[in-house]
Amino acid sequence: MSLESYTYSFPIWIEFGVGTSENVGSIVEQKEWGKALLVTDPGIIDAGLLDGIEESLSATGIDFAVFEGVEPNPTVSMVEAAEALRQTEECDFVISVGGGSSMDVAKGVTLLATNPGEIADYEVKSGEDVMKGMIENDPLPLVTVPTTAGTGSEVDFWAVITDEEREFKMALGQSPLYPGGPYLGAEVSLVDPELTRSLPPRQTAATGFDAFSHALENHVSAVSPPVLTPLTTDVMARVTEYLPRAYEEGDLETREQMLFASHTAGIGENFGGFGAIHSLAEVTGGMYPEIPHGEAIAAYTPAVMRYNLEAVPERYGEVAEAMGVDVSGMSDREAAEAAVEAVEELIASVDLPAGLADLDVDEADLPGIAEKSMDTFEIHDNPRPADAEDLLDVARDAY
Ligand SMILES: [Fe+2]
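Small disclaimer: the values here were computed from a predicted structure and weren't measured.

**Q** Just give me the short version of the sheet that holds strand β2 (residues 13-16), but keep the residues and values in it.
**A** Read across the open sheet, the seven strands follow the order β1-β2-β9-β6-β5-β3-β4; overall the sheet is mixed. Of all strands in the sheet, those with a lone pairing partner are β1 (6-9) and β4 (64-67), marking the two edges. Pairs of neighbouring strands in the sheet enclose a mean axial angle of 15 degrees, with direction left out of account. The pairing of strand β3 (residues 36-39) with β4 spans four bridges and is parallel. Each residue of the ladder has a partner; that of A36, found in β4, is F64. On top of the sheet, helix α4 (residues 76-89) reaches β3 and β4; it is set at about 160 degrees to β4, its chief contact. This element, helix α9 (residues 252-269), spans β1, β2 and β9 (188-191) of the sheet and lies at about 165 degrees to β2.

As structure tokens, then:
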């Protein structure tokens, strides 16, 4: 499929294509949202990625303030600092320019601005929390402009914020529960491959593999509807083909393909379930904030696949097929095992960690990680039921 520019709405208004980020001024002018809070990090500013956005806003007379205090694995205090600046500057809506961390901080601000209490009050702990919805009032309008191809947060209804006291990454969010219901996500997303071109190889690999893992977990999850299958297999095929090239060359074509894959995976996240990969990786990231999310994901993925594959071998066989493995003549089990090998090859091809030891995780922390992972809501979606003892085995296998 060729990737020309296109626009659609679902309820997020999405514009995909080179140059779409420069439409931000004219779009928010039409919306008459008032003054913007730009949420970003210093790296984005240094790379000049904010320039086009600021020019577009200025050209249409949109006033804005900039919060540039986002750091990887964002915390509650980061969200509170951004919200404090929003109040001081009297901003009426939020634009995030950056990767998943900027988008998650921005989502936290839009939530706090219109709802009572604290971020932790909105933590999603179970499928029931997701279904009943925890957000009373519409968050402030949000525009997302992603600069990485991975998170999918630009088009999903979720945020992940670390509670520093518990060293725990909280999941927040809800889908629109009925037409017009509140949701924690963008109202407009400008998905511009040009902004991902300067992403360094290490982040390209980590964020790109994160996108793969979203499709993988959605594909095998116990709670995903079959309607997702064409989407998840397309994402896995595309990442397998283009991530090594984006890592090596980073030309515009491979960036476009990766951004297409990651944001369609993000749309899928709204309809499908997750599993033990994200449970274990989020818990590890909460305890080791210096580990990038995508690297923790890579370290756990093969071990979780090995644990899960006896529950849904045919689904893992489809993963192998999507990744270009010739599965003809293989049993479901053999094809599933071939999927694990193909994933290990993909991880190695972009120099991602082969295990937790590569990330300097202390082996003595594994029981605690397994225990805490049982508190994540994603673990309930895993295709094979797991208790803390099972997860400890998986974590040891991933070491
Ligand atoms: Fe992820």
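Continuing now.
**Q** A description of the coordination of the iron ion should follow, citing residues and the corresponding values.
**A** Listed as protein donors to the iron ion are D210 (OD), H214 (NE2), H278 (NE2) and H293 (NE2); their distances from the metal cover 2.1 to 2.2 Å. Between the donor residues of the iron ion, the gaps in sequence give the motif D-x3-H-x63-H-x14-H. Here the residue H214 occupies a position in helix α7 (residues 201-220), and H278 occupies one in helix α10 (residues 276-287), the gap between them amounting to 64 residues. Accessibility expressed as a relative area gives 3% for H214, which makes it buried. For H278, a relative accessible area of 3% corresponds to the buried category.

**Q** Talk me through the pattern of salt bridges; I want residue IDs and the actual numbers.
**A** One pass over the full model with this rule turns up 16 salt bridges. Among the salt bridges present, the one from R245 reaches E253, with a minimum N-O distance of 3.4 Å. E253 sits in the partly exposed class, given a relative accessible area of 37%. Linked through salt bridges whose partners overlap, the residues forming this network are E123, D163 and R166.

**Q** Tell me about the packing of aromatic side chains, residues and numbers included.
**A** Enumeration according to the criterion identifies seven aromatic pairs in this entry. Look at Y6 and F16: their rings are 5.1 Å apart centre to centre, the planes differ by 15 degrees, and that puts the pair in the stacked class. On the criterion of sequence distance, the pair formed by Y6 in strand β1 and F16 in strand β2 is long-range, its members being ten residues apart. Of the residues examined, F16 reaches a relative accessible area of 0% and is grouped as buried. Each residue in the set Y6, F16 and F260 is aromatic and connected to the rest through ring pairs, giving one cluster.

**Q** Before we move on, could you go through the pairing of β9 and cite the residues and values that matter?
**A** What you see with β9 is no split at all: V188 and L190 on one side and S189 and V191 on the other are buried throughout. Across two bridges, strand β6 (residues 142-146) lies against β9 in parallel orientation. Note that in β9 the partner of T144 across the bridge is S189.

Conventions used here
Residues numbered from 1 in each chain as written. Predicted model: local features only at pLDDT ≥ 70, side-chain atom pairs only at ≥ 80, totals over all residues. Heavy atoms only, no water. Pairing = 2+ DSSP bridges. Helix = DSSP H or I, 4+ residues; strand = E, 2+ residues; numbered from the N terminus. Axes fitted to C-alpha atoms, helices over the stretch in contact; angles between N-to-C directions. Contact = heavy atoms within 4.5 Å. Donors = N, O, S within 2.8 Å, 3.2 Å for Na, K, Ca; no water. Buried < 20%, exposed > 50% of the residue type's maximum accessible area, 1.4 Å probe, protein only. Salt bridge = Lys/Arg side-chain N within 4 Å of Asp/Glu carboxyl O. Phe/Tyr/Trp six-rings, centres within 6.5 Å; stacked < 30°, edge-to-face > 60°.

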